[in-house]
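Letter by letter, the chains look like this.
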Amino acid sequence: MIALKTARELALMREAGKIAAEALRLVGEAVRPGVTTAQLNQIAHRAITRHGAVPTFLGYNGFPAAACISVNDEIIHGIPSARRVLREGDLVSVDLGATYQGYVGDTAASFAAGVLSPEARRLSDTTRESLFQGIGAAVAGGKLGDIGAAVQRHCEAQGYSLVREYTGHGVGRALHEDPAVPNVGLPGHGIRLKPGMVLAIEPMVNQGRMEIRTMPDKWTIKTRDGKLSAHFEHTVAITPDGPVILTMGES
Ligand code: MG
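None of the values given here were measured: they were computed from a predicted structure.

What counts, and where the lines are drawn
- Residues numbered from 1 in each chain as written.
- Predicted model: local features only at pLDDT ≥ 70, side-chain atom pairs only at ≥ 80, totals over all residues.
- Heavy atoms only, no water.
- Helix = DSSP H or I, 4+ residues; strand = E, 2+ residues; numbered from the N terminus.
- Rg over C-alpha atoms; globule rule 2.2 N^0.38 Å.
- Buried < 20%, exposed > 50% of the residue type's maximum accessible area, 1.4 Å probe, protein only.
- Contact = heavy atoms within 4.5 Å.
- Areas by Shrake-Rupley, 256 points an atom, 1.4 Å probe, with all protein chains shown as cover.
- Lys, Arg positive; Asp, Glu negative; His and termini not counted.
- Charge placed at Lys NZ, Arg CZ, Asp CG, Glu CD.
- Axes fitted to C-alpha atoms, helices over the stretch in contact; angles between N-to-C directions.
- Parallel < 35°, antiparallel > 145°, perpendicular 65-115°, else oblique.
- Left-handed = near helix turned anticlockwise from the far one by under 90°.
- Nonpolar A, V, L, I, M, F, W, Y, C, P; charged D, E, K, R; others polar.
- Donors = N, O, S within 2.8 Å, 3.2 Å for Na, K, Ca; no water.
- Pairing = 2+ DSSP bridges.

Draft legend 1. Layout of the overall build of the chain. Counting secondary structure elements, the chain contains four helices and 15 strands. The C-alpha radius of gyration of the chain comes to 17 Å, within 12% of the 18 Å expected for a compact globule of 251 residues. The proportion of buried residues among the 251 residues of the chain is 55%. Looking at the chain alone, contacts between residues at least 24 apart form 71% of all its contacts between residues at least 6 apart. Working note: accessible area of the chain is about 10700 Å², and carbon and sulfur atoms make up 52% of it. Here the chain holds 26 positive side-chain charges and 25 negative ones, and the gap between their average locations is 2 Å.

Written out as structure tokens, the structure reads:
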């Protein structure tokens, strides 16, 4: 069951998206060597709550923080920690959500602590580009598989692999709604995309092989081969005039 959002709901989701976008921007500006992931989480928490929004991830299935912060070979769902001190060259993926008047904005990006290696920079750039390829395919009348196909094509052309076990998703009153939005797919396959659908599109791209492993904390997901992973995400509304990114923020 896919909930189509009304104009009023989309307006509220735009507000939620703006708050999430600003929080992500502020966290990104604070990413540097010497900072702890707990400090970054605190920035996210404050940025979300000061606008009267609620950190969507805090308490979600028991997650203990406002942001997931995943470093280097950690793909997603890293738990912020006062013991995790960023080092020069770390690739830091931050994922957060803001719930505003009952509606969720969900967004993620990978940031550099200091200067990335050329390999890490290329992975991060390619992942961001693939998100925008996917967004470009999120058009009314198209098919869900068009999105994953666009993401997959862009990343695999660079020799990277896509995580299969975790996907993008519908988003609205709940953080995770139907449909699942895989980062791989076949053009022209899957459900038809309609105005009023809101999708979180979020490629998780591995430098090496696609396989993952779950750490003993039961949250952190890492690459099995120990190579890097990057993650970018936007909440995107499908409209008659094309995709609208709700988590773009002010520029
Ligand atoms: Mg998401």
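Draft legend 2. Structural view of the packing of helix 1 (residues 7–30) against helix 2 (residues 37–49). One can describe the packing of helix 1 onto helix 2 by two numbers: an axis separation of 9 Å at closest approach and a directional angle of 150 degrees. With respect to each other, helix 1 and helix 2 are oriented roughly antiparallel. By crossing handedness, the relation of helix 1 to helix 2 is classed as right-handed. Facing Ile19, Glu22, Ala23, Leu26, Val27 and Ala30 of helix 1, the residues of helix 2 in contact are Leu40, Ile43, Ala44, Ala47 and Ile48. Class assignment for the residues of the contact of helix 1 with helix 2 results in 10 nonpolar, no polar and one charged.

Draft legend 3. Region of interest: the coordination of the magnesium ion. Donor atoms from the polypeptide that coordinate the magnesium ion comprise Asp106 (OD), His169 (NE2), Glu202 (OE) and Glu233 (OE), at 2.1 to 2.4 Å from the metal. Between consecutive donors of the magnesium ion, the numbers of intervening residues give the motif D-x62-H-x32-E-x30-E. You can see glutamate 202 sitting in the loop between strand 9 (198–201) and strand 10 (204–206) and its partner glutamate 233 sitting in the loop between strand 13 (229–231) and strand 14 (234–239), a full 31 residues away along the chain. Classification of glutamate 202 as buried rests on a relative accessible area of 6%. Its relative accessible area of 0% is what places glutamate 233 among the buried residues.

Draft legend 4. Looking closely at the pairing of strand 8 (residues 177–181). One ladder, built from three bridges, connects strand 7 (residues 168–170) with strand 8; its direction is antiparallel. Considered in strand 8, the bridge of histidine 169 is made with alanine 180. Here strand 7 hands over to strand 8 after six residues, the two strands then running antiparallel side by side.

Draft legend 5. Layout of the sheet that holds strand 6 (residues 161–162). Pairing in this open sheet of three strands is antiparallel, and the strands run 6-10-13 from one edge to the other. Edge positions in the open sheet fall to strand 6 and strand 13, since each of these has one partner strand only. Contacting strand 10 and strand 13, helix 3 (residues 118–136) runs over the sheet at an angle of about 35 degrees to strand 13.

Draft legend 6. Examining the environment of glycine 17 more closely. Along the chain, glycine 17 falls in helix 1. Glycine 17 has contacts with Gly105, Leu246 and Thr247, leaving out every residue within four places of it along the chain.

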